[in-house]
Amino acid sequence: MLNVFPAQHDSLTKQVGAPVSATMWIDLVGPTDAEIAEVEAATGFRLPSIDALREIKSSSRLRYQHGVFYLSTPLAVRHPDAIDTQLPVGFVLSQTHLITIRFAALTAFDDVSERLADGRETPGSSLEILLLLCEESVDRIADLLEQAAGDLNGLTSRIFRTDDPGSPHAARENRILRRQLRNVGRLGDKLSEIRDGLQGLGRALTYIGQHAGDWSGGTLGSRLTNLDRDIRSLIEYEERLAGKVQFAMDALVGLTGIAQNDIVKILTIISLVGIPPTLVAGIYGMNFKNMPEYDWAWGYPYGWAMIILSAIVPLIWFKLRGWF
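Keep in mind it's a predicted model, so treat the numbers as computed, not measured.

Engineer: Before we go on, may I ask you to explain the overall build of the protein chain in this structure?
Structural biologist: Across its full length, the protein chain carries 8 helices and 7 strands. Taken over 324 residues, the protein chain has a buried fraction of 39%. Considering only residue pairs separated by 6 or more positions, the protein chain has 65% of its internal contacts joining residues 24 or more positions apart. As presented, the protein chain carries roughly 18,300 Å² of accessible surface, and 57% of it is formed by carbon and sulfur atoms.

As structure tokens, this is what we get:
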């Protein structure tokens, strides 16, 4: 899909299918080959493919050639089936045009386009539009981090602040531990994707500030500085959350190990308690000729008494030792 925002009367109006050459911002969403060819013919810029946008080298993500920036960064997006994933977003920036290339819906981009369409924002340059997109993206990322912090606090509360009821249903408790472990793992993966997006935006803005500081008469320098400060603070906050996620992960692994040790302890006690009765039964099960107990009137009850007593004595000893 090709969305363009022509500059008309010092404001931007969203028009699908408007002349590309007369636009300030061209937003390509899952573009077709025909749309890419149209934009390239109108602007003279070579647009990167999705494979090029996925490159992780700094030289591939940040390029400045002949007065044009070619930038890319990964951003976390949510599909309609509520699955978070990470897709690259590309920016081609000159003093007259901004071209954005994305392959999924991004709420930040849609919100900025609505603000431009209804006249709430009237940017005077392509760089200012890019700053609007970055500011809105940073705001969305901050919301995601706040949501992640709330989810993490809920998880840690269930992990650490709930007393162990001593329930005998070990299988159910193990299922709960596994579910919590998966939730913590998903949260850690989500934070990792958020961090990649923040770092990518931060590098792109720093690169723009180094090469385009005099664009727009230098009036946007303070916004670049504020954005850089916000991104750094969010990265620090994400690092603290990642540390807490790792701590929760280690705790859950430890709790899982304790639960497994309890099961092994029970099996060990059962096996040890069963050894003496088995020994007694084995002794009196030998069919030798001269075994005096065979001639006793109370030999059978005596055998049972020895078996039961040999099972009870180890249980008492384990109890006194605090094994259960």
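Engineer: Quick question: what am I supposed to make of the pairing of strand β3 (residues 23-29) here?
Structural biologist: Taken residue by residue, a regular strand's side chains alternate between the two faces of the sheet. Along β3, 7 of the 7 residues are buried, which leaves the element largely enclosed by surrounding structure. Across 5 bridges, β3 lies against strand β7 (residues 98-102) in parallel orientation. The partner of I26 across the bridge, within β7, is I99.

Engineer: Just checking my understanding: could you explain a negative patch on the surface for this structure?
Structural biologist: Negative charge collects at one region of the surface, where D139, D143, E146 and D230 lie side by side. At 3 residues, helix α5 (residues 126-160) tops the list of elements feeding residues into the negative patch. We classify D139 as partly exposed; its relative accessible area is 44%.

Engineer: I'm lost on a nonpolar patch on the surface in this one. Help?
Structural biologist: A cluster of nonpolar side chains, contributed by Y300, W304, I308, I312, I316 and L320, occupies part of the molecular surface with about 690 Å² of accessible area. Along the chain, the position of I308 falls in helix α8 (residues 299-320).

Engineer: Sorry, what's going on with the packing of α5 against helix α7 (residues 221-284) here?
Structural biologist: When two helices pack together, their arrangement is captured by the angle between the axes and the distance separating the axes. The N-to-C vectors of α5 and α7 enclose an angle of 20°; their axes lie 10 Å apart at closest approach. It follows from the interaxial angle that α5 and α7 lie roughly parallel. By crossing handedness, the relation of α5 to α7 is classed as left-handed. When the residues that make up the contact of α5 with α7 are grouped by side-chain class, the tally is 22 nonpolar, 2 polar and 6 charged.

Engineer: What's the story with unusual backbone geometry in this structure? I'm lost.
Structural biologist: With a phi angle near 55°, H66 is a residue other than glycine that sits in the positive phi range. Counting through the fold element by element, H66 comes out in the loop between β4 (62-65) and β5 (68-78).

Engineer: Would you mind going over the pattern of salt bridges with me for this structure?
Structural biologist: Oppositely charged side chains can form a pair if their charged atoms are brought close together. This structure, assessed with the given rule, holds 11 salt bridges. We note a salt bridge from R223 to E135, for which the minimum N-O separation is 3.0 Å. Of the two residues, R223 is situated in helix α7 and E135 in helix α5; the sequence distance between them amounts to 88 residues. With relative accessibility at 22%, the residue E135 sits in the partly exposed group. For R195, the salt bridge goes to E238, with nearest N and O atoms at 2.5 Å.

Engineer: Can you help me understand the confidence of the model for the protein chain in this one?
Structural biologist: Close reading of the predicted structure is inappropriate where its pLDDT is low. Chain-level statistics for the protein chain give a pLDDT mean of 80 and a share of 86% at 70 or above. Confidence, expressed as mean pLDDT per element, reaches its minimum in the protein chain at strand β2 (residues 11-12) with 38 and its maximum at β7 with 90. Segment residues 7-18 is flagged for pLDDT under 50; beyond a separation of four residues in sequence, or across chains, it makes 30 contacts in the model. In this model residues 79-83 is a low-confidence stretch, pLDDT under 50, and it forms 4 contacts with partners more than four residues away in sequence or in other chains.

Cut-offs applied
Residues numbered from 1 in each chain as written. Predicted model: local features only at pLDDT ≥ 70, side-chain atom pairs only at ≥ 80, totals over all residues. Heavy atoms only, no water. Helix = DSSP H or I, 4+ residues; strand = E, 2+ residues; numbered from the N terminus. Buried < 20%, exposed > 50% of the residue type's maximum accessible area, 1.4 Å probe, protein only. Contact = heavy atoms within 4.5 Å. Areas by Shrake-Rupley, 256 points an atom, 1.4 Å probe, with all protein chains shown as cover. Pairing = 2+ DSSP bridges. Patch = residues over 30% accessible without salt bridge, like charges linked within 9 Å, V, L, I, M, F, W, Y side chains within 5 Å. Salt bridge = Lys/Arg side-chain N within 4 Å of Asp/Glu carboxyl O. Lys, Arg positive; Asp, Glu negative; His and termini not counted. Charge placed at Lys NZ, Arg CZ, Asp CG, Glu CD. Axes fitted to C-alpha atoms, helices over the stretch in contact; angles between N-to-C directions. Parallel < 35°, antiparallel > 145°, perpendicular 65-115°, else oblique. Left-handed = near helix turned anticlockwise from the far one by under 90°. Nonpolar A, V, L, I, M, F, W, Y, C, P; charged D, E, K, R; others polar. pLDDT = per-residue confidence, 0-100.

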